[in-house]
Amino acid sequence: MIVTIPKVLTPEELAQCREVLGKASWVDGKESAGEQARDVKRNVQIRINSETYEALGDLILRALGRNALFNSVAIPLRVRSPMFNRYDTGMSYGAHVDGAIHTVPGAPRMRADLSSTLFLSDPAEYDGGELVIHRLHSTETYKLQAGDLLVYPTDTIHSISPITRGSRLAAFFWTQSTVRSHEQRAILHELDMAIMQIRQAMPDDHPAVLSLSNTYHNLLRLNADC
């Protein structure tokens, strides 16, 4: 399940991210790449645990916490603090796979179930730079509006197309879901969306709303991996 979540950041939050990143110091993105991905990674990043990393990461985590769609899709148990990258003209990231287990100093190890990219540049500001999901018999490309989030399974092969004009800013992070199975998580998300629609037409104390809500939480309890 690949989901686009629009307007995760408010215009003010987006402007703040862009302003801070515009003044920040950047390092070679290979510093955080695994051995296999290092040869195909050509970008720059904000150094982990820097002041910029901490401040903007907290801003984005707060935005995710209030976003109902993200929480319905991911059912998050742990979210790794966002990292930040920039692709300038000529930069790209070849096909690669994200690591299954993440270790961050000062934090518990976490399993990566979902990968997320939060676009911080308007598509008109750069050419190329699409996020490409490589499936067995097809590919899918994504180039979202600034402030929009793409959530996709971490077990997918993906790449970033070469930039031919301008620069592309983004935040990226991983989520360990309370529900390990992609299939079970998709069913719970579909049920949650149906409940939200029904609640718009019926009061929360209506028997049908209560019954479906009870079913959702019972299914979540049965499938929770925590």
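1. Things to note about the pairing of strand 12 (residues 131-134)
Where strand 12 and strand 13 (residues 139-142) come together, 4 bridges link them in antiparallel fashion. For I133, the partnering residue across the bridge sits in strand 13 and is E140. Linking strand 12 to strand 13, which pair antiparallel, is a turn of 4 residues. The sheet contact formed by strand 12 and strand 15 (residues 157-160) spans 4 bridges and is antiparallel. Looking across to strand 15, one finds that V132 is bridged to S159.

2. Some details on the side chain of D113
Topologically, D113 is positioned in the loop between strand 9 (110-111) and strand 10 (114-119). Apart from residues lying up to four places away in sequence, D113 is in contact with P153, T154, T175, Q176, S177, R180, H182 and R185.

3. With respect to the sheet that holds strand 3 (residues 41-42)
Strand order across the open sheet formed by 5 strands is 3-7-15-12-13, with antiparallel pairing between neighbours. Each having just a single partner strand, strand 3 and strand 13 make up the two edges of the open sheet. Where strand 7 (residues 92-96) lies against strand 15, 2 bridges are found, and the strand directions are antiparallel. Bridged to H96 within strand 15 is H158.

4. Section: the nonpolar core
The biggest cluster of nonpolar side chains holds 49 residues, and the ones touching the most others in it are L9, L120 and L149. Top element by residues in this core is helix 3 (residues 51-65). It accounts for 6 residues. In contact with L120, not counting residues within four places along its chain, are L9, L14, R18, L21, F84, A146, L169, A170 and A171. Listed in part, the 7 residues of the second largest apolar core include V179, L188, L191 and I195.

Conventions adopted
Residues numbered from 1 in each chain as written. Predicted model: local features only at pLDDT ≥ 70, side-chain atom pairs only at ≥ 80, totals over all residues. Heavy atoms only, no water. Pairing = 2+ DSSP bridges. Helix = DSSP H or I, 4+ residues; strand = E, 2+ residues; numbered from the N terminus. Contact = heavy atoms within 4.5 Å. Core = buried A, V, L, I, M, F, W, Y, C linked by side-chain atoms within 4.5 Å. Buried < 20%, exposed > 50% of the residue type's maximum accessible area, 1.4 Å probe, protein only.

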